Amino acid sequence: MRLRQYIDEASYIGNIGFEEMVKFHQLATTADLKVMQKIVEQDDWVAFKKLIQKVVKTELE
């Protein structure tokens, strides 16, 4: 029996999953990370999501 079959991440509006965050940090350039730092300092949730979507190339809910 595979454990993975029973693990499912809850999805909801505004959800940014762990997997997307890991992928972002794996794929982001130094410039992307600097932009993300500024976004976090400004508490700009919309820009946060847009940057992750751009870098990871996935649509977030």
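Our subject is the structure listed above.
To keep things clear, this report deals only with the structure shown in the data block. Note that the coordinates shown come from a computational prediction; the quantities given were computed from them, not determined experimentally.

Rules used in this analysis
- Residues numbered from 1 in each chain as written.
- Predicted model: local features only at pLDDT ≥ 70, side-chain atom pairs only at ≥ 80, totals over all residues.
- Heavy atoms only, no water.
- Axes fitted to C-alpha atoms, helices over the stretch in contact; angles between N-to-C directions.
- Helix = DSSP H or I, 4+ residues; strand = E, 2+ residues; numbered from the N terminus.
- Parallel < 35°, antiparallel > 145°, perpendicular 65-115°, else oblique.
- Left-handed = near helix turned anticlockwise from the far one by under 90°.
- Contact = heavy atoms within 4.5 Å.
- Nonpolar A, V, L, I, M, F, W, Y, C, P; charged D, E, K, R; others polar.
- Core = buried A, V, L, I, M, F, W, Y, C linked by side-chain atoms within 4.5 Å.
- Buried < 20%, exposed > 50% of the residue type's maximum accessible area, 1.4 Å probe, protein only.
- Expected span 1.5 Å × (residues − 1).

Attention now goes to the packing of helix H1 (residues 18–27) against helix H3 (residues 45–56). The interhelical angle for the contact between H1 and H3, taken along N-to-C directions, is 65 degrees, at an axis separation of 9 Å. The pairing of H1 with H3 is recorded here as roughly perpendicular in orientation. Considering only the axes of H1 and H3, their crossing is left-handed. Of the residues in H3, those in contact with Glu20, Met21, Lys23, Phe24 and Leu27 of H1 are Phe48, Leu51, Ile52, Val55 and Val56. The residue makeup of the contact of H1 with H3, split by class, is 8 nonpolar, no polar and 2 charged.

Bringing the packing of helix H2 (residues 30–41) against H3 into the picture now. Relative orientation of the contacting elements H2 and H3 amounts to 160 degrees, with a least axis distance of 9 Å. If you check the angle between H2 and H3, you find them roughly antiparallel. For H2 against H3, the interelement crossing comes out left-handed. Mapping the contact onto sequence places Asp32, Val35, Met36, Ile39 and Val40 in H2 and Ala47, Phe48, Leu51, Ile52, Lys54 and Val55 in H3. Taken together, the residues of the contact of H2 with H3 break down into 9 nonpolar, no polar and 2 charged.

This next bit is on the nonpolar core. Counting residues in hydrophobic clusters, the biggest one holds 10 residues: Phe24, Ala28, Met36, Ile39, Ala47, Phe48, Leu51, Ile52, Val55 and Val56. Mapped onto this core, the elements with two or more residues apiece are H2 and H3. The dominant element in this core, judged by the number of residues it contributes, is H3, at 6 residues.

This paragraph deals with H3. Over its 12 residues, H3 runs 16 Å from end to end, which matches the ideal 16 Å to within 8%, given 1.5 Å per residue. Within H3, the full set of buried residues consists of Ala47, Phe48, Lys49, Leu51, Ile52, Gln53, Val55 and Val56. The secondary structure elements touched by the buried residues of H3 are H1 and H2. One or two residues past the end of H3 sits Lys57, with phi positive at roughly 60 degrees.

These values are about where atoms sit, not about what they do.
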